[in-house]
Amino acid sequence: MDVPIIIQDLVDLSITTHVPAIHRVYRAEDTTRLVTHNGKLHADDVLAYTFLHMIFPSMKLHRIGHEAIERGNFIPHKSDIIFDIGLEYDPCKNRFDHHQDQFNGWSCDISTPMAAVGMVFKCYSHQLFTKCAVDNDIDISRLDLHKLASNFYMYVIREIDCADNGVSPLQVRQYRSSSRSPQYRRAVPRDFVDEVYKVNMTLSSRISGFNLPDVYDHENQLIRFTQASEMAKTWVIDEVMVDFLKRQCQFVKDSDNMKKAFNSRYDLNKSGQIIDTTCCLTPIPHIMECEKTGYNPGEPLVKFLIYQWFEGTNEKWGLKTITDGNFQSRIDILPLKTLTHMIPDLTNDKTGILFMHKQQFLAIARSKEMCLKIAHETLDYTTGQDARLIQ
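Residue numbers restart at each chain and count upward from 1, following the sequence in its written direction. Only residues with pLDDT of 70 or above have their local features reported here, since the model is predicted, and side-chain atom pairs are shown and tallied only from 80 upward, although totals for entire chains, interfaces and linings are computed over all residues. The basis for every side-chain value is the complete set of heavy atoms in the structure, and neither hydrogens nor water enter the calculation.

A. Representation of the packing of aromatic side chains. Stacked, edge-to-face and tilted are the three classes for Phe, Tyr and Trp ring pairs, Trp counted by its six-membered ring, which pair at centre distances within 6.5 Å; planes under 30 degrees apart are stacked, over 60 edge-to-face, the rest tilted. Counted by the stated rule, this structure contains eleven aromatic pairs. On the numbers, 5.9 Å between centres and 90° between planes, the contact of Phe-121 with Phe-129 is edge-to-face. Any residue under 20% of the maximum accessible area for its type is buried, any over 50% is exposed, and the rest in between are partly exposed; the area is computed with a 1.4 Å probe on protein chains only. Of the residues examined, Phe-129 reaches a relative accessible area of 0% and is grouped as buried. Ring centres 6.5 Å apart and planes at 20° place the aromatic pair Phe-129 and Phe-244 in the stacked group. Highlighted residues: Phe-129 in helix α4 (residues 116-135) and Phe-244 in helix α7 (residues 218-263), separated in sequence by 115 residues. An aromatic cluster of three or more residues is present, and its members are Phe-51, Phe-121, Phe-129, Phe-152 and Phe-244. The lysine or arginine in question, Arg-265, covers the ring of Phe-262, its NZ or CZ lying 3.9 Å from the ring centre. Put simply, DSSP marks the helices as runs of H or I at least four residues long and the strands as runs of E at least two long, and each gets a number from the N terminus on. Only lysine NZ and arginine CZ atoms are considered, and such an atom sits over a ring when it is within 6 Å of the ring centre and within 35 degrees of the ring normal.

Pasting the structure below:
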């Protein structure tokens with residue numbers, strides 16, 4: 001990543017030196033700018049800059065004091081992108097601030113007030129994903145970018161927006177209707193508290209660590225800002241976003257493969273309740289989706305999935321029960337003692353069982369055939385077609 005050309009505005013020296021501000025008016029030159037506040041850096045302005053610099057690498061970073069705008073010492077060009085300063089939110093004009101009284105910026109989930117990074121991401125998410133995909137040779141042509149942006153916001157951006165706006169991970173339900181009412185911030189019983197967002201990352205604390213003791217040491221604080229941005233790019237874009245895009249692409253591929261496996265499940269077992277998910281890395285959500293759209297009236301739900309993997313040259317197969325939320329299995333695998341009487345070659349050295357979980361939701365065997373036998377015997381007994389249970 002090229003280090004951007006940085007312009008430092010000195011109009012706010014009066015903050016620390018108590019001398020009159022330098023009355024200089026800054027106008028846009030040939031290259032327009034990415035404009036934000038100086039002083040203490042936060043996760044929202046650093047990550048907003050990181051996203052914008054990824055899309056507009058030639059634009060210069062320009063950090064100014066809040067009073068520079070108030071006093072008219074900074075006159076933005078209409079093509080400047082101004083974030084986390086300026087008291088204006090207007091994506092059409094590339095203005096992304098959330099400090100104004102008449103704040104009107106809400107995220108895709110409605111309940112979260114956006115900070116600068118959420119505003120920038122909401123406006124430029126499609127360009128971000130496209131640039132990231134091109135840079136890392138990822139084909140995202142089949143992905144729904146709107147859904148992708150919503151998911152990435154909830155996973156990564158939301159907690160930064162919430163933290164910058166003072167929203168606790170645990171916030172009372174009334175926050176959504178009256179976010180600034182003091183009475184909703186006092187301690188309340190846990191029964192009346194919602195988990196507004198989950199903390200998946202510690203980006204805010206890591207970026208905060210780049211601040212100098214004197215955040216108005218402008219020259220060195222600018223160096224820290226770019227260092228924090230480099231760290232954010234390495235972590236959030238090069239690692240998290242790239243992995244996120246790859247996983248979403250795999251999810252789409254898995255959807256295609258699971259539809260084929262689901263439609264051929266009766267070829268695997270006449271009950272239609274066992275499905276081979278070897279071709280799919282994330283089978284459960286796709287099975288649920290197939291059940292919503294591909295079932296005929298009266299058909300039983302899928303009870304088992306089987307899958308293959310290798311440890312070196314050793315082939316292994318897993319048999320797993322399907323769960324309907326809260327880890328509640330649709331069926332339990334029969335106890336090992338019972339299966340021993342039902343399947344004579346259960347412990348065969350070449351094809352037999354290797355492991356059975358004590359909660360009876362997982363079995364591992366040396367062959368696909370053994371997994372199918374275990375599933376078949378369990379289904380037979382559970383449906384009343386066979387009553388060979390040994391106490």
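B. Quick peek at the nonpolar core. The biggest cluster of nonpolar side chains holds 55 residues, and the ones touching the most others in it are Phe-51 and Phe-152. Sorting the residues of this core by element identifies α2 (43-55), β4 (81-83), α4, α5 (145-164), α6 (203-208) and α7 as the ones contributing at least two each. For this core, the element with the highest residue contribution is α7, accounting for 14 residues. Any pair of residues with heavy atoms lying within 4.5 Å of one another is described as a contacting pair. In contact with Phe-152, not counting residues within four places along its chain, are Phe-121, Phe-129, Ile-157, Val-236, Val-240, Met-241 and Phe-244. What is meant by a nonpolar core is a set of buried Ala, Val, Leu, Ile, Met, Phe, Trp, Tyr and Cys residues, joined one to another through side-chain atoms within 4.5 Å. Counting residues in each nonpolar core, the second largest holds 22 residues, with Trp-317, Leu-339, Leu-346 and Ile-353 among its members.

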